[in-house]
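Secondary and tertiary structure notes
What follows is each chain in one-letter form.
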Amino acid sequence: MSIITLTTDFGTKDHFVGAVKGSIYNELEEAKVIDISHQITPFSITQTAYVLKNAYKNFPKGTIHIIGVDSEISVENKPIAILLDGQYFIGCDNGILSLITNEIRPEKMVEITIPDPEEYQFAILGKFIKVACHIARGGMLEVIGMQIDSIKEIVEIQPFINSEKNQILGSVIYIDNFGNVVSNISKSVFSEIGKGRDFEIVARNYRFTKVYKRYNEVVDYTIPTDKRQDDGKRLALFNSASFLEIALYRSNLKTVGGASVLLGLKYRDPITVKFF
Amino acid sequence: MSIITLTTDFGTKDHFVGAVKGSIYNELEEAKVIDISHQITPFSITQTAYVLKNAYKNFPKGTIHIIGVDSEISVENKPIAILLDGQYFIGCDNGILSLITNEIRPEKMVEITIPDPEEYQFAILGKFIKVACHIARGGMLEVIGMQIDSIKEIVEIQPFINSEKNQILGSVIYIDNFGNVVSNISKSVFSEIGKGRDFEIVARNYRFTKVYKRYNEVVDYTIPTDKRQDDGKRLALFNSASFLEIALYRSNLKTVGGASVLLGLKYRDPITVKFF
Amino acid sequence: MSIITLTTDFGTKDHFVGAVKGSIYNELEEAKVIDISHQITPFSITQTAYVLKNAYKNFPKGTIHIIGVDSEISVENKPIAILLDGQYFIGCDNGILSLITNEIRPEKMVEITIPDPEEYQFAILGKFIKVACHIARGGMLEVIGMQIDSIKEIVEIQPFINSEKNQILGSVIYIDNFGNVVSNISKSVFSEIGKGRDFEIVARNYRFTKVYKRYNEVVDYTIPTDKRQDDGKRLALFNSASFLEIALYRSNLKTVGGASVLLGLKYRDPITVKFF
């Protein structure tokens, strides 16, 4: 039985998530519904893409991902379904899926054309669930939609590389639960441009000349535990999604705040790498 | 196998929700436990009823809903179970269920009389789970309780209709995750009193003369995308629960706030409809 | 099929929890993954132990608990797995498990020695899932690790008992979702030292001479409902985890705040019991 995941900006206070799950189980008793996130900032296309891109790869082939962000259908916001990397994605053609397909070429893309029996305000309660259960039962995309060749492109704010190829001008694309600041500079772009040269990363007035692989590499374990003062140390590292991240080692979010607050870094702020 | 849902004010930080799920699986290995919400404002009877009423309808017949809000048993707060609309509800007789049964007549109502082996502080960990698993296994309500004819009535703040039948005086009953302001004026009362006449809706000093069916109906799609200024537009619409709602189109909650904050509308504030 | 639970400080906004669940289902299709909490204060060892200790007991024998708090592996933070009370716990040797094993002797303890094929930043995505699925399939701990005799001891701030044995000096160890203040004074220590004597509990400048069994014991049900003024009453009781707790009866958290805010009691503040 296929897994059906949910990624929405519904929050978990209201009845919406419960209503969606109830509808799925009503349609397909043996479904396995898994939450990816319901805490997406309302209508945030880039945040949805970041979260889904980093979560979906861990799921088994055949998993069906329903995206309930900006899913009110309009002439400009059509319901689509794609097959990519062996997994299915159902959402509106609002750019979220293009941020996923720009890395991996989709195997199939359809505009969903099945009618909505009850005219739901949000596609997720009607068409999306119908399509998800159709796929879960082994149905084909062609049956519920019309093949399309392109979807709405959103160019993610890509890092800019100067003509001398010694500088990457990136920016903040995500702040995580720990207050860590994630940039759009991927490990592969960093390696490709850097070619092993020395570098300096600048984020506001903070400078970093090393990129760690793990957070706790900033700790000197030869110093006795009670003499260490590592908590709150600033560091740059490639995070588990392979993006350059500015973090504070074990910063206490509830008291002093994470990297975002303490270093004053916000969504879209510049992060620069210079190679020497 | 029946689904067992949970609607509580426990939050998701503490061990309570985990403890309840563990107990259910301990009693009935093959149970399917689904969260409706654990973010109900502590002890809020009306919020629980609003969330549950709008979620339960989507679940399949036979679903069992456990309500963990105000569930400390006392002489005045007895544990009850009802069968309504083909689904089961287990909670305390504190008014939540009367807000659901005032729309649909229950098929059966019992006061739960089975003993609580371990004297749990909250009925949910003891009696409620025992009853839910009993029903899930195909058991009858009569076996675990004593039939009752009435439950504690709470009159939901109903909208007032003036004697000339040209005015509905309603109020705010819920603020959702997007900051949208939900009134107690249902689409059916609106149609019944309005009879297709022109109208004006007043919420504080804001006026609306149209009720939309979808949020994006405020958008003029003939205007080029980069010229549009629809975000943040005020609108009245019937929401997915069929109540009159005051909303802002795609308002950014994290920066400027939703309708509740921007229009200064709080729980219980008046919302009025005048027909001409 | 065994249940696999998750207790983490990941929050529910990011992709982390979804990634972990996806990986488990990828490894073991028929797994049953249950959230205990993802809202642990980042890196809080004692909070994790409190939540897990009070949740795990309700789960069936054979349940596997994965702990994703402070799970970045280092020379000082080794991955371990223990069998205790018929259930399995997988985490790092950071003290969390010693706070659970100091009550019940573990049946088996191993240091996890299986290699991590993909060098994950956090053990939870690699080794922990591998081990959990191995156990869920009926595998033995000896196969994935090396038996150990001791784990890192963290002495939980235990209440201090004076030499006259007429005073317990405890402290606040947890604040729950309702703002209730939980101390480290267990019902059993209270009974053992108190031996039925009269007592006075002091928390800041508040005094209590009675410990309730249920919150609503403060209500005098002989007084007519509309004359009662019980909401917000201060009380001491033994909570469902059997610890002495200072609470306010049905305090409205959203408006006036719970016991923590209103009585000014914070994590680690002293709570004292004097017996006469």
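Rules used in this analysis
- Residues numbered from 1 in each chain as written.
- Chains lettered and ligands numbered in written order.
- Predicted model: local features only at pLDDT ≥ 70, side-chain atom pairs only at ≥ 80, totals over all residues.
- Heavy atoms only, no water.
- Least-squares fit on C-alpha atoms with pLDDT ≥ 70 in both.
- Helix = DSSP H or I, 4+ residues; strand = E, 2+ residues; numbered from the N terminus.
- Expected span 1.5 Å × (residues − 1).
- Buried < 20%, exposed > 50% of the residue type's maximum accessible area, 1.4 Å probe, protein only.
- Pairing = 2+ DSSP bridges.
- Axes fitted to C-alpha atoms, helices over the stretch in contact; angles between N-to-C directions.
- Contact = heavy atoms within 4.5 Å.
- Buried area = accessible area lost by both parts, 1.4 Å probe.
- Salt bridge = Lys/Arg side-chain N within 4 Å of Asp/Glu carboxyl O.
- Polar contact = N/O pair within 3.5 Å; in protein donor to acceptor, adjacent residues only side chain to side chain.
- Nonpolar A, V, L, I, M, F, W, Y, C, P; charged D, E, K, R; others polar.
- 1 Å grid on protein atoms, 1.4 Å probe; cavity = no way out; pocket = protein on both sides within 12 Å on 5 of 7 lines; lining within 4 Å.
- Points joined across faces, edges and corners; volume = space filled by probe spheres on them.
- Domains from an automatic or database assignment.
- Parallel < 35°, antiparallel > 145°, perpendicular 65-115°, else oblique.
- Left-handed = near helix turned anticlockwise from the far one by under 90°.

After a rotation of 120 degrees and a shift along the axis of 0.0 Å, chain A superposes on chain C with an RMSD of 0.1 Å. What we have between these two chains is a three-fold relation.

Residue and element names in this part refer to chain C. Its twelve residues give helix α1 (residues 16-27) an end-to-end C-alpha distance of 17 Å, which sits within 8% of 16 Å, the value for a rise of 1.5 Å per residue. Within α1, ten of the twelve residues are buried, which leaves the element mostly enclosed by the surrounding structure. The complete set of buried residues in α1 reads F16, V17, G18, A19, V20, K21, G22, S23, I24 and Y25.

Residues and elements named next belong to chain B. Taken in spatial order, the seven strands of this open sheet run β2-β1-β3-β5-β4-β6-β7, and their pairing is mixed. The outermost strands of the open sheet, each flanked by one partner alone, are β2 (32-37) and β7 (145-147). This sheet shows a mean twist of 25 degrees between the axes of neighbouring strands, independent of strand direction. By the bridge criterion, three bridges tie strand β3 (residues 64-68) to strand β5 (residues 87-92) in an arrangement that is parallel. Note on β5: the bridge partner recorded for I66 is I90. Of the strands in this sheet, β1 (3-8), β3, β4 (79-84), β5 and β6 (108-112) are in contact with helix α4 (residues 127-136), which crosses β5 at around 170 degrees.

Every contact between the two is made by 36 residues of chain A and, on the other side, 32 residues of chain C. Together, the buried faces of chain A and chain C total about 3,000 Å²; carbon and sulfur atoms form 49% of this surface. Ranking the residues of chain A by area buried against chain C places N58(A), R214(A) and R250(A) at the top, with a combined share of 20%. Residue E76(C) is joined to R228(A) by a salt bridge in which the shortest nitrogen-to-oxygen separation is 2.4 Å. Counting across the interface, chain A meets chain C through 16 residue pairs in polar contact (both at pLDDT 80 or more). Only β2 (32-37), α2 (45-56), β9 (167-175) and β14 (234-238) of chain A provide two or more residues apiece to the side of chain A that touches chain C. Residues of the side of chain A that touches chain C, tallied by class, amount to 18 nonpolar, ten polar and eight charged.

Bringing the pairing of strand β11 (residues 199-203) of chain B into the picture now. All names here are of chain B. The buried fraction of β11 is high, at five of five residues. Taking every second residue as pointing to the same face, both faces of β11 are buried, with F199, I201 and A203 on one and E200 and V202 on the other. Pairing geometry for β11 and strand β16 (residues 270-275), over five bridges, is antiparallel. Its bridge partner being in β16, I201 is matched across the sheet by V273. Bridge count between β11 and strand β12 (residues 206-208): three bridges; the pairing is antiparallel. Looking at the pairing, I201 lines up with F208 of β12. Joining the antiparallel neighbours β11 and β12 is a turn of two residues, in which R204 adopts a positive phi near 50 degrees.

A few words now on empty space enclosed by the protein. Residues and elements named next belong to chain A. This model, assessed by the stated rule, comprises one cavity of 30 Å³ or more. A volume near 30 Å³ is recorded for the largest cavity. Contributing to the lining of the largest cavity are T46, Y50, E156, I157, I173 and Y267. Taken together, the residues that form the lining of the largest cavity break down as four nonpolar, one polar and one charged.

Here we take up the domain arrangement of chain A. Much of the literature gives interface size as the accessible area that the parts lose upon coming together. All names here are of chain A. Entries for chain A in the domain assignment read domain 1 (3-155) and domain 2 (159-275). Inter-centroid distance (C-alpha atoms) of domain 1 to domain 2 is 32 Å. At the interface, five residues of domain 1 touch seven residues of domain 2. Summed over both sides, the interface of domain 1 with domain 2 buries roughly 510 Å², with 64% coming from carbon and sulfur. For the domain 1 face of the interface with domain 2, the top three residues by lost area are T46, Y50 and N54, together amounting to 75%. Viewed at the interface, domain 2 and domain 1 are joined by zero salt bridges. Counting across the domain 1 and domain 2 interface gives two residue pairs in polar contact (both at pLDDT 80 or more).

Attention now moves to the pattern of salt bridges. If charged atoms from side chains of opposite charge come close, those side chains can pair. Under the definition given, this model contains 30 salt bridges over all chains. A salt bridge links K61(A) to D85(A); the shortest N-O distance between them is 3.5 Å. Linking K61(A) in the loop between α2 and β3 (64-68) with D85(A) in the loop between β4 (79-84) and β5 (87-92), this pair joins segments that are 24 residues apart in sequence. With a closest N to O distance of 3.1 Å, E200(B) and R207(B) form a salt bridge. Connected through salt bridges with shared partners, the residues E27(A), K130(A) and R137(A) form a single ionic network.

Moving on: unusual backbone geometry. For F43(A), which is not glycine, the phi dihedral falls at a positive 70 degrees. In this structure, F43(A) sits in the loop between β2 and α2. With a relative accessible area of 26%, F43(A) lands in the partly exposed category. For D70(B), which is not glycine, the phi dihedral falls at a positive 55 degrees. Position of D70(B) relative to the elements: it lies in the loop between β3 and β4. Assessed through its relative accessible area of 12%, D70(B) is described here as buried.

This part covers the side chain of N180(C). Tracing the backbone through its elements, the reader meets N180(C) in the loop between β9 (167-175) and β10 (181-186). In this structure N180(C) touches Y174(C), I175(C), Y215(C), E245(C), I246(C), A247(C), L248(C) and A259(C), once residues within four positions along its chain are discounted.

The next thing to look at is the environment of R228(A). Within the secondary structure, R228(A) sits in the loop between β13 (211-212) and β14. We classify R228(A) as buried; its relative accessible area is 19%. Sequence separation between R228(A) and K187(A) is 41 residues; the distance between their C-alpha atoms is 30 Å. Among all residues touching R228(A), those that are not within four sequence positions of it are V219(A), D220(A), Y221(A), I223(A) and E76(C). Side-chain polar atoms of R228(A) contact the backbone oxygen of D220(A), separated by 3.5 Å. In terms of polar contacts, R228(A) uses its side chain to reach the backbone carbonyl oxygen of I223(A), at 3.0 Å.

All names here are of chain B. Contact geometry of helix α1 (residues 16-27) with α4 gives a least axis separation of 10 Å together with a crossing angle of 40 degrees. In terms of orientation, α1 lies oblique with respect to α4. Crossing of α1 against α4: the hand is right-handed. Residues V20, S23, I24 and E27 of α1 touch α4, and the partners they reach there are I129, K130 and C133. Its residues placed into classes, the contact of α1 with α4 shows four nonpolar, one polar and two charged.

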